[in-house]
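Take a look at the letters that make up each chain.
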Amino acid sequence: MTGSTPQQDLDQPHDLVGVGIGPFNLSLAALAHGVPGGLAATFYEQKPAFQWHPGLLIEGATLQVPFLADLVTLADPASPWTFLNYLKSRERLFPFYFAEKFHIQRAEYDAYCRWVSERLPGLHFGHQVDSVRWNPERRLFEVDFTQVDPDGEAEALGRAYTRNVVLGVGTEPYVPEPLKPLADAPGVPVFHSADYLAHRETLLAAGHVTVIGSGQSGAEVFLDLLRSRPAGAERIHWLARTEAFAPMEYSKLGLEHFTPDYTRYFHALPEPVRGDLVPRQWQLHKGIDADTIAAIHDELYRRTLHGGWPDAVLTPGVRVRTAGRVATTQVELHLEHLQQGTRSRLTTDAVVLATGYRERPVDRMLAGLDPYLRHDSAGRARVDERYRLVLDPSVTGSVFVQNAEKHTHGVGAPDLGLAAWRSATILNTVSGKEPYPLPRRTAFTSFGLETREAPSIPAQDRKLTPLTQNV
């Protein structure tokens, strides 16, 4: 839904206002639509329509989660907003049934989300949220927004009042400091992978291309370039800081790190333990799908069938120290191998930065809440078990976060497979009821030791068996 916000949106307090309409808040909106008795919820997004990583909808690229990790199924499989219902509406259920695909293409997931966003009420695109404040007199949050045209120009100002706010503003591309000046400079062929498809023709025409980053995006970009450049003249470098181009942990018990059980366990850990744990779990969420690794190797091997090796260099364990322009058209990367301690230079015609994403800053938007926010020892917002920012007790409403709580809830925060469960948790909290009953147990793994007291045993009956005996 686009266009002006209805007047009653400005005058009547909402139960819930969502800031941002990505997959996570779209999940929340879809499940809010099914709350019995109704829930006054509205969502604002500055873009003119739903978009999900348009620059990475590479042909053949698939989601890394099964299709059941849609917007709603894992909380409400009977919802009208399931992926299967989307297929039914498109008369594609039988083709999907015979395709036997558990992991759907990324472009198909994007199309499904757009289908939901175009039919779900309460979504306002072309609305940029400027600030969120607490009004102690009205005991409500004030959400100020600007209605913008497709070019981003302001058209009107508005304000909504709400009892609760959900921040789902997503992430933004991360560019390492040594490469920021080049990426920001006009006309320099240094692009983040988020914009890959927009620059694909430029990259295919470049004499030499360097891809930086060892995750799934880097692997998909490298594979697409490899398949599209001529055999024997590929001229591609693939560099990464990690010690290997490693597969993502995808064993069935390993995947239980993306369950509500693990999320609860992680949240209960001491803050320093959580901070130390997340970086060590990088293969749970930053590795490469094993099928993609296999496809890369297969393509490289195919290019050796007639003798010779492809002109492609794959080097892990490398960091970019500095970077600069050479003449007017080339980029020079100053590299350091972390294990060897050696340094070298690489001259290239174009660079793709598959360097991941960071949480989008919301400091300016939430400046009005600063006096009420509570932070941890690292200055990050504290988030309780039910995804609420910890606020001063004088604030009777709640501000929830989606995909901004990795430091408190673990590696599952950005995972699509937990979207419906988190949305259901938020809606159960907002409604004060349980419109979406959630399972008490979701994993076979017990991540911590039981803390319940064992039945007491009389002292005279306690007998210890020695582990060793002195002879």
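Scroll up a little and you will see the structure.
Residues numbered from 1 in each chain as written. Predicted model: local features only at pLDDT ≥ 70, side-chain atom pairs only at ≥ 80, totals over all residues. Heavy atoms only, no water.

Asker: I'd like to hear about the sheet that holds strand E11 (residues 236-239), residue by residue, with values.
Answerer: Taken in spatial order, the five strands make up an open sheet running E9-E16-E10-E11-E12, and their pairing is parallel. Edge positions in the sheet fall to strand E9 (190-192) and strand E12 (312-315), since each of these pairs with one other strand and no more. Adjacent strand axes in the sheet meet at a mean angle of 15°, parallel and antiparallel pairs treated alike. Sitting on the sheet, helix H8 (residues 216-228) touches strand E10 (209-212), E11, E12 and strand E16 (350-353), and the angle it makes with E11 is about 170°. (Pairing = 2+ DSSP bridges. Helix = DSSP H or I, 4+ residues; strand = E, 2+ residues; numbered from the N terminus. Axes fitted to C-alpha atoms, helices over the stretch in contact; angles between N-to-C directions. Contact = heavy atoms within 4.5 Å.)

Asker: How would you sum up the pattern of salt bridges? Please name residues and give values.
Answerer: Evaluation of the coordinates by the stated rule reveals 23 salt bridges. The residue Arg-114 makes a salt bridge to Asp-110 at a minimum N-O spacing of 3.0 Å. Placement of both Arg-114 and Asp-110 in helix H5 (residues 106-119) is noted, with a separation of four residues, approximately one turn of the helix. Its salt-bridge partner being Glu-234, residue Arg-303 comes within 2.9 Å of it at the nearest N-O pair. Taken together, the residues Arg-303 in the loop between helix H12 (290-302) and E12 and Glu-234 in the loop between H8 and E11 connect sequence positions 69 residues apart. Judged by its relative accessible area of 0%, Glu-234 falls in the buried class. (Salt bridge = Lys/Arg side-chain N within 4 Å of Asp/Glu carboxyl O. Buried < 20%, exposed > 50% of the residue type's maximum accessible area, 1.4 Å probe, protein only.)

Asker: With reference to specific residues and values, describe the layout of surface pockets.
Answerer: By volume, the second largest pocket is sized at about 690 Å³. Lining of the second largest pocket is provided by 29 residues; of these, Gly-60, Ala-61, Thr-62, Asp-289 and Asp-291 occupy positions nearest its centre. Going through the elements one at a time, helix H4 (93-99), H8 and H12 are the ones with two or more residues in the lining of the second largest pocket. The dominant element in the lining of the second largest pocket, judged by the number of residues it contributes, is H8, at five residues. When the residues that make up the lining of the second largest pocket are grouped by side-chain class, the tally is 13 nonpolar, seven polar and nine charged. (1 Å grid on protein atoms, 1.4 Å probe; cavity = no way out; pocket = protein on both sides within 12 Å on 5 of 7 lines; lining within 4 Å. Points joined across faces, edges and corners; volume = space filled by probe spheres on them. Nonpolar A, V, L, I, M, F, W, Y, C, P; charged D, E, K, R; others polar.)

Asker: So, helix H10 (residues 271-280): which residues are in play, and what are the values?
Answerer: Among the residues of H10, those classed as buried are Arg-274, Leu-277 and Val-278. Summarising the axial view, the buried residues of H10 lie within an arc of 100°, below the 170-degree limit, and thus occupy one face. Opposite the buried face of H10, by more than 90 degrees, sit the exposed residues Pro-272, Pro-279 and Arg-280. Close packing links the buried residues of H10 with helix H9 (260-267), helix H11 (282-285) and helix H13 (406-409). (Arc of directions from axis to C-beta.)

Asker: How would you summarise the packing of aromatic side chains if you had to cite specific residues and measurements?
Answerer: Tallied over the entire structure, the rule returns 23 aromatic pairs. Among the aromatic side chains, those forming a connected cluster through ring pairs are Trp-52, Phe-67, Trp-81, Phe-83, Tyr-86, Phe-96, Phe-102, Tyr-109, Tyr-112 and Trp-115. Across from the ring centre of Tyr-161, 3.9 Å away, lies the NZ or CZ of Arg-138, which sits over that ring. When the ring centre of Tyr-174 is taken as reference, the NZ or CZ atom of Arg-358 above it lies at 3.8 Å. (Phe/Tyr/Trp six-rings, centres within 6.5 Å; stacked < 30°, edge-to-face > 60°. Lys NZ or Arg CZ within 6 Å of the ring centre and 35° of its normal.)

Asker: Quick rundown of the sheet that holds strand E15 (residues 343-348)? Include the residues and the values.
Answerer: Taken in spatial order, the three strands line up as E13-E14-E15 in an open sheet, and their pairing is antiparallel. Every interior strand has two partners, whereas the edge strands, strand E13 (318-326) and E15, have only one. Here the average twist between neighbouring strands, direction ignored, is 25°. Here strand E14 (residues 330-337) pairs with E15 via six bridges, running antiparallel. What sits directly across from His-334, in E15, is Arg-345.

Asker: Please provide a residue-by-residue account of the nonpolar core, values included.
Answerer: Judged by nonpolar contacts, the single largest core of 50 residues is most densely connected at Leu-26, Tyr-109, Tyr-112 and Leu-427. Secondary structure elements with two or more residues in this core: helix H2 (23-32), helix H3 (83-89), H5, strand E3 (123-125) and helix H14 (419-431). Apart from the residues within four sequence positions on either side, Leu-427 is in contact with Leu-16, Leu-28, Leu-31, Ala-32, Val-35, Leu-39, Pro-435 and Tyr-436. One finds Ala-61, Val-209, Ile-236 and Phe-245 within the second-largest nonpolar core, a separate group that totals 26 residues. (Core = buried A, V, L, I, M, F, W, Y, C linked by side-chain atoms within 4.5 Å.)

Asker: Any chance you could break down the environment of Ser-131 for me, citing the residues and the numbers?
Answerer: Considering the arrangement of structural elements, one finds Ser-131 in strand E4 (residues 127-135). A residue is classified by how much of its surface remains accessible, and Ser-131, at 16% relative accessible area, is buried. Other than its neighbours up to four places away in sequence, Ser-131 contacts Glu-142, Val-143, Asp-144 and Met-365. One polar contact links Ser-131 to Arg-133, side chain to side chain, over a distance of 3.0 Å. (Polar contact = N/O pair within 3.5 Å; in protein donor to acceptor, adjacent residues only side chain to side chain.)

Asker: An account of the environment of Tyr-357 is needed here, citing residue identities and associated values.
Answerer: With respect to the element layout, Tyr-357 can be found in strand E17 (residues 357-359). The class for Tyr-357 is partly exposed, based on a relative accessible area of 24%. Separated by 182 residues in the primary sequence, Tyr-357 and Val-175 place their C-alpha atoms 8.4 Å from one another. Those residues in contact with Tyr-357 that lie beyond four places of it in its chain are His-53, Leu-56, Thr-171, Glu-172, Pro-173, Tyr-174, His-192 and Ala-194.

Asker: Let's hear about H9: which residues, and what values?
Answerer: Across the eight residues of H9, six count as buried, placing the element largely inside the fold. Restricting attention to buried positions, one finds in H9 the residues Pro-260, Asp-261, Tyr-262, Thr-263, Phe-266 and His-267. Those residues of H9 that are buried are in contact with H10, H13 and H14.

Asker: Got a sec to walk through the pairing of E16? Specific residues and values, please.
Answerer: Neither face of E16 is open: one carries Ala-350 and Val-352, the other Val-351 and Leu-353, and all of them are buried. Bridge count for E9 against E16 is three bridges, and the pairing is parallel. Considered in E16, the bridge of Phe-191 is made with Val-352.

Asker: Describe unusual backbone geometry, listing the residues and the values that go with them.
Answerer: You will see that Glu-91, though not glycine, has its phi angle at about 55°, which is positive. Among the structural elements, Glu-91 can be located in the loop between H3 and H4. By relative accessible area, which is 73% here, Glu-91 ends up exposed. Phi at Tyr-387 is positive, roughly 70°, even though this residue is not glycine. By the element assignment, Tyr-387 lies in the loop between E17 and strand E18 (398-401). Accessibility expressed as a relative area gives 3% for Tyr-387, which makes it buried.

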